[in-house]
Every structure is written in structure tokens, then in C-alpha cells.
Amino acid sequence: MTIILYQDKFLPREQGQVDMEDRGYQFGDGIYEAIRVYGGKMFLLDLHMKRLERSARELRLKLPYSLEHLTDNLNQLIRQNQINEGLVYFQITRGAAHRQHLFPDHIESVLTGSAVSLPREETLRPNGIKVSLVDDIRWLRCDIKTLNLLGNVLARQEAHEKGSEEAILHRGATVTEGSSCNVFIVQNGQLVTHPADHFILNGITRLHVIDLAGKLNIPVEERTFSTDELYHADEVFITSTGAEVKPVVQIDERVIASGKPGSITQKLMNAFDEEVARIKAAALY
Ligand code: PDD
């Protein structure tokens, strides 16, 4: 039986219900996090929780529980659903009230969460993927992890209809990020990725890959890059909680470099694999 988290309670999935006037439903007025689970443990948890706090602060949304309490509940959710390799998703909306744009008085945030199994072998794509370049039509606060994802949803759908697995977004000539991932290119042995400003979500995997690159002595430059640089990159890859490090070998009709994942992308994928293996081995004791 699937168990979900509703506020502070653990319920069978069928019993999970939210109010029809919840502002998450009416306005997309809420925030979320998606956290990977390896060996039954949440990966890079602190960074996710810091980002959650920041998203809440930026939207002036009150977190209903302390981060410690929330962490305890999410761990319990993982245990109750017996998740070893998976994904925890939770969202917090501003709450339910009669519809009005202004923040209602005396409103209580509403938290819902789930934990599902997601074996790595189902998500890894060692041979790389095809993506499509899609216009970035989103608002100007893409740094906040909000429930408002229509621009992302439309972009992913457009990419899918073009036979691609992901959309890479661009504002004019500048590449921003993916519909649900960050984008890196490799140029002359160096990683280049869009700076963490209002135009992108500062992905936790992005941060982690920048960190891994440092350990592997791979230089990283956080600067904007153009669609032309993307097409002519030595390597392209995307990062996200679900995708980890995923090579991109084709963008619409254009093949990137040799059409195979590049050596730096491989190094980062290997480093990621080793790390997950260590976590899983440690979880056995
Ligand atoms: N997406 N950019 C966007 C727009 C995203 O939605 C995501 C994550 C990322 C990567 O962030 P992270 O490395 O923290 O997962 C970048 C999640 C997984 C989702 O919406 O399902």
C-alpha cells in the first residue's frame, strides 16, 4: 500500500485529499522539492532544505514545520514505503481560502508528500539523449522552485512532440536551462554553465557537479553561453535530481561533436556512480 504524507499525517494514497480552494490548485501558489534517495537515504538533503527555505522566503510563504521535523517525517515516509532507490517529492502551498489574489489572513500552509521507487538503471542514459531547443517563455523568477511550471510543461511537451527527451530553453541567443534540468557545455576541457541568477533554478545536482568537477580538477566557468556555443560545444550534458548527469548527443537535427558522450561527461558520470556505490555500501551496515 502506498503511503503519503499530508501535513503531519501518514495516510494511504487513496485518502489523500486537498481542498478545492487550495491556492496551489488555483494559483500555483506553492513550492516544492524533489530529492533522490540512494540506499534508503536522502541525497544532498541539506542543500535541498536550504533551497526550500529560500523559496519559501522569496514567496513569503510560511513553512508549516521545522526542517528537522519535516526531515523526520520524510525519513519515515521512505521507511513506510520501503524505498531503497527512489524519489521523495513534497510540496507546500500557501493553503486554502476563498479565492482572492491577495494573501488571505489566517491561512495555514498545506504540505503533501510522496516517496516512490526509482531504480537508477531506469533513468541513466549512458549513450546520451536527443533534446530540442525551445523558446524560454517563463517568468523572471525561475530561481524559485514554485509549483507554477506551465512554461516548463509546454516546453517539455513541444520537445516530446519533436521526438526529444528534454527541452533546452533559450532567451534570444542565450541558453538558460532545461525544462526540468540544468545545462552544461564543455569547451576546451572546461565546463560552462549559466550563472545562478533569476533566469535559472540553481539545481542541487548542478551545484554537486560543480563540486565534483573541482575535485577532478576540471575548470568550471559560470557564465552565459549562446545557442551557437551549444551547437558547437565539445560536449553537452544536463543535470537534475532524476537525471543525475545525462549526456546530450543531439539537438534537434544537429549532432553534437562525434555524437557520443564525451570524456569529461564520462568522468563526471563515473564519479557520480562511485559516490552512489559508496552511499549504498555504507547503508548496508
Ligand atoms: N526538476 N531546472 C529546473 C527548471 C528544474 O525543474 C530542475 C529540477 C532543475 C534541476 O534541479 P535539481 O538538480 O535540484 O533537481 C533545474 C525537478 C527534478 C522536477 O521538477 O521534477
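Scroll up for the structure.
Note that the structure is predicted; figures quoted are calculated from it, not measured.

About the thresholds
Think of each chain on its own: its residues are numbered from 1, step by step along the sequence as written. Since the coordinates come from a predicted model, pLDDT governs what is reported: local features require at least 70, and pairs of side-chain atoms require 80 or more to be given and counted, while whole-chain, interface and lining totals use all residues. Where side-chain values are given, they derive from all heavy atoms of the structure, hydrogens and water being excluded. Whether a residue is near a molecule or strand depends on its heavy atoms: if one lies within 4 Å, it is near. Side-chain atoms alone can form a polar contact between residues adjacent in sequence; in general such a contact is a pair of N or O atoms within 3.5 Å, and within protein one must be able to donate a hydrogen while the other accepts it. Working definition of accessibility: Shrake-Rupley area with a 1.4 Å probe, residue cover restricted to the visible protein chains. Cavities and pockets were defined on a 1 Å grid built from protein atoms only: a cavity is a group of points that admits a 1.4 Å probe but offers it no way out, a pocket is an open group of points flanked by protein on both sides within 12 Å along at least five of seven lines, and a lining residue is one with an atom within 4 Å of any such point. Criterion for pocket placement: a molecule counts as inside a cavity or pocket if more than half of its atoms are within 2 Å of its grid points. Helix and strand assignments follow DSSP, with helices taken as H or I runs no shorter than four residues and strands as E runs no shorter than two, numbered in order from the N terminus. Three categories are distinguished: nonpolar for Ala, Val, Leu, Ile, Met, Phe, Trp, Tyr, Cys and Pro, charged for Asp, Glu, Lys and Arg, and polar for the others, with Gly belonging to the last. Among the buried residues, those of types Ala, Val, Leu, Ile, Met, Phe, Trp, Tyr and Cys that are joined through side-chain atoms within 4.5 Å form a nonpolar core. Each residue is assigned to one of three classes by its accessible area relative to the maximum for its type, calculated with a 1.4 Å probe on protein chains only: buried under 20%, partly exposed between the two thresholds, exposed over 50%. Whenever Lys or Arg places a side-chain nitrogen within 4 Å of a carboxyl oxygen from Asp or Glu, that contact is recorded as a salt bridge. Two strands form a pair only when DSSP identifies at least two bridges running between them. For this analysis, residues touch if any pair of their heavy atoms sits within 4.5 Å. A fitted line through C-alpha atoms represents every axis, and for helices the fit uses only the stretch in contact; the resulting angles, taken between N-to-C directions, go from 0 to 180 degrees. Residues form patches when they are more than 30% accessible in relative terms and have no salt bridge. Like charges link within 9 Å. Nonpolar side chains (Val, Leu, Ile, Met, Phe, Trp, Tyr) link within 5 Å. Grid points are joined across faces, edges and corners, and a volume is the space filled by probe spheres set on the points. Annotation comment: domain bounds sourced from an automatic or database domain assignment.

As for the site of the ligand
- For the ligand, the set of nearby residues contains 17 residues, the closest of which are Tyr-32, Glu-177, Ile-204, Thr-205 and Thr-241.
- At a separation of 2.7 Å, an oxygen atom of the ligand approaches a polar side-chain atom of Tyr-32.
- Glu-177 places a polar side-chain atom, nitrogen or oxygen, 2.7 Å from a nitrogen atom of the ligand.
- Considering the ligand on its own, with 470 Å² of exposed area, one finds that the protein chains cover 86% of that surface.
- Judged by its atoms lying within 2 Å of the grid points, the ligand is housed in the largest pocket.
- Of all the secondary structure elements, the ones that give two or more residues to the shell around the ligand are β9 (174-178) and α6 (204-215).
- Residues of the shell around the ligand, tallied by class, amount to four nonpolar, nine polar and four charged.

Things to note about the nonpolar core
- Met-42, Met-49, Leu-52, Leu-74, Val-88 and Phe-90 are the most contacted members of the largest nonpolar core, which has 24 residues in total.
- Mapped by element, the contributors of at least two residues to this core are β1 (3-6), β3 (30-38), α2 (45-59), α3 (67-80), β5 (86-93) and β6 (110-117).

Considerations on the pattern of salt bridges
- Tallied over the entire structure, the rule returns 21 salt bridges.
- Across the salt bridge formed by Glu-244 and Arg-120, the nearest N and O atoms sit 2.7 Å from each other. Highlighted residues: Glu-244 in strand β15 (residues 244-251) and Arg-120 in helix α4 (residues 120-123), separated in sequence by 124 residues.
- Its relative accessible area of 10% is what places Arg-120 among the buried residues.
- The closest approach of N and O atoms between Lys-246 and Glu-165, which form a salt bridge, is 4.0 Å.

Description of the sheet that holds β1
- As summarised here, the arrangement of the six strands in space is β2-β1-β6-β5-β3-β4, forming an open sheet in which the pairing is antiparallel. Looking along the sheet, the strands with just one partner apiece sit at the ends: β2 (9-12) and β4 (41-42).
- For β3 and β4, the ladder comprises two bridges, and the chain directions are antiparallel. The residue bridging Val-37 from the neighbouring strand is Met-42, located in β4.
- Running over the sheet, α2 touches β3, β4 and β5 and is turned about 175° from β3.

Some remarks on a nonpolar patch on the surface
- Together, Ile-137, Leu-150, Val-153 and Leu-154 make up an exposed nonpolar region whose accessible area comes to about 410 Å².
- With respect to the secondary-structure elements, Leu-154 resides in helix α5 (residues 150-161).

Some points on the layout of surface pockets
- Roughly 1100 Å³ of internal volume is contained in the largest pocket.
- Considering the residues around the largest pocket, the lining is formed by 48 residues, among which Tyr-32, Lys-145, Leu-149, Ser-179 and Ser-180 are closest to the centre.
- Sorting the residues of the lining of the largest pocket by element identifies β3, α2, β5, α5, β9, α6 and β14 (235-240) as the ones contributing at least two each.
- Among the elements that make up the lining of the largest pocket, the one with the highest residue count is α5 (five residues).
- Composition of the lining of the largest pocket by domain shows at least three residues from each of domain 1 (3-118) and domain 2 (129-277).

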